[in-house]
Amino acid sequence: MTEHNVQLGKRRQLVAGNWKMNGDKALVEQMHRQLAATSLDNMDVVICPPFPYMGLFDGKVKLGAQNVSQFDSGAHTGEVSVAMFNEFNCRYVIVGHSERRADNNESDELVALKVRQVLKANLIPILCVGEPESVRDDGMLFDYIAAQLDAVLLEVGISQFAHVVLAYEPVWAIGTGKTASPAQAQEVHAFIRGHLAKQDDNIAANIVILYGGSVKGNNAQELFSQADVDGGLIGGASLNPEDFLSICQAANQ
Ligand code: PGA
């Protein structure tokens, strides 16, 4: 067994469903039914529904939020705090999704503050990084990803990355049906792990790095079997319980 296999064996695969601004009460019920009927002992499943649906999930389903305020409380209309998530059995928070970076002008620095806030509450950030197509075309892929990571490293320090889940989501692959090839995903995941290893080998070896961007039932297994891919962040396919569960099964093997 190579050293890499030893490391991979220690990382438990994770699949998180990011419903974005989709779903309804009926989908919550369907998802409960299907999850209860499926045995997934070797991996973790997290559902990230819109805020109003969180309270409808029972304690057996691990929940994630799609966004969080960088503040503790107060006069911030429309925002939701980490303390509120702790009251709803919500253990994970997606931070820095490219849609929020684009739609809400979330900068690398703001994303870093949000990661710090999530960690302060003992919740787990799912920190998203990923390049637009033009950046890849210009040959700036690795510089771009490194800068996104460095902003957070500067804010919280490498030791805190022991409590972080990363998600590599190339912007050109999100919701487009244009998945990164397994080799493209692996290349960036290995780069991310190597970048963190410059500061701490052990944290780099153990951090879970998800791939996101048009993951479906028919491509999940090949993506998840790459050495540095530890599961997925799933958008569109997480809205269909059957598709989502088949992606989870791919991570369960
Ligand atoms: P997609 O979205 O699976 O629909 O491409 C992934 C994401 O945005 O997290």
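Described below are features of the structure shown in this document. Computed from a predicted model, the values in this text were never measured in an experiment.

What about the overall build of the protein chain?
Logical step 1: When helices and strands are counted, the protein chain shows eleven helices and eight strands.
Logical step 2: Expressed as a percentage of its 253 residues, the buried residues of the protein chain come to 53%.
Logical step 3: Sequence-distant contacts, at least 24 apart, represent 73% of the contacts inside the protein chain between residues at least 6 apart.
Logical step 4: Summed over its atoms, the accessible surface of the protein chain is roughly 11500 Å², and 49% of this surface lies on carbon and sulfur atoms.
Logical step 5: Taken together, the 19 basic and 30 acidic charged side chains of the protein chain have centroids lying 5 Å from each other.

Remarks on the pairing of strand β6 (residues 165-168)
Logical step 1: The side-chain alternation of β6 yields two buried faces, one formed by V165 and A167 and the other by L166 and Y168.
Logical step 2: Judged from the four bridges that link them, strand β5 (residues 124-129) and β6 form a sheet pairing that is parallel. What sits directly across from L127, in β6, is L166.
Logical step 3: Pairing of β6 with strand β7 (residues 208-212), which is carried by four bridges, proceeds in the parallel orientation. Bridge pairing links Y168 to Y211 in β7.

Concerning the sheet that holds β7
Logical step 1: In space, the eight strands of this closed barrel follow the order β1-β2-β3-β4-β5-β6-β7-β8, with parallel pairing throughout. Going across the sheet, the axis of each strand differs from the next one's by a mean of 25 degrees, ignoring polarity.
Logical step 2: The strands that helix α5 (residues 108-120) touches are β4 (90-95) and β5; relative to β5, the one it contacts most, it runs at about 160 degrees.
Logical step 3: Against the sheet, helix α8 (residues 182-197) contacts β5, β6 and β7, and its axis sits at roughly 150 degrees relative to β7.

Section: the site of the ligand
Logical step 1: Taken together, 13 residues lie around the ligand, and K20, H97, E169, G175 and S214 are the ones closest in.
Logical step 2: Here an oxygen atom of the ligand and a side-chain polar atom of K20 are 2.7 Å apart.
Logical step 3: G236 is positioned such that a nitrogen or oxygen atom in its backbone is 2.8 Å from an oxygen atom of the ligand.
Logical step 4: When the free accessible area of the ligand is taken as 280 Å², the share hidden by the protein chains comes to 97%.
Logical step 5: Here the shell around the ligand is composed, by residue class, of four nonpolar, seven polar and two charged.

Focus: unusual backbone geometry
Logical step 1: Even without being a glycine, N89 presents a positive backbone phi close to 60 degrees.
Logical step 2: With respect to the secondary-structure elements, N89 resides in the loop between α3 (82-87) and β4.
Logical step 3: N89 gets classed as partly exposed once you look at its relative accessible area, which sits at 36%.
Logical step 4: Here N122, not a glycine, exhibits a phi torsion of approximately 60 degrees, which is positive.
Logical step 5: Positionally, N122 belongs in the loop between α5 and β5.
Logical step 6: Assessed through its relative accessible area of 60%, N122 is described here as exposed.

Conventions adopted
- Residues numbered from 1 in each chain as written.
- Predicted model: local features only at pLDDT ≥ 70, side-chain atom pairs only at ≥ 80, totals over all residues.
- Heavy atoms only, no water.
- Helix = DSSP H or I, 4+ residues; strand = E, 2+ residues; numbered from the N terminus.
- Buried < 20%, exposed > 50% of the residue type's maximum accessible area, 1.4 Å probe, protein only.
- Contact = heavy atoms within 4.5 Å.
- Areas by Shrake-Rupley, 256 points an atom, 1.4 Å probe, with all protein chains shown as cover.
- Lys, Arg positive; Asp, Glu negative; His and termini not counted.
- Charge placed at Lys NZ, Arg CZ, Asp CG, Glu CD.
- Pairing = 2+ DSSP bridges.
- Axes fitted to C-alpha atoms, helices over the stretch in contact; angles between N-to-C directions.
- Near = heavy atom within 4 Å.
- Polar contact = N/O pair within 3.5 Å; in protein donor to acceptor, adjacent residues only side chain to side chain.
- Nonpolar A, V, L, I, M, F, W, Y, C, P; charged D, E, K, R; others polar.

Structural measurements only, silent on function.
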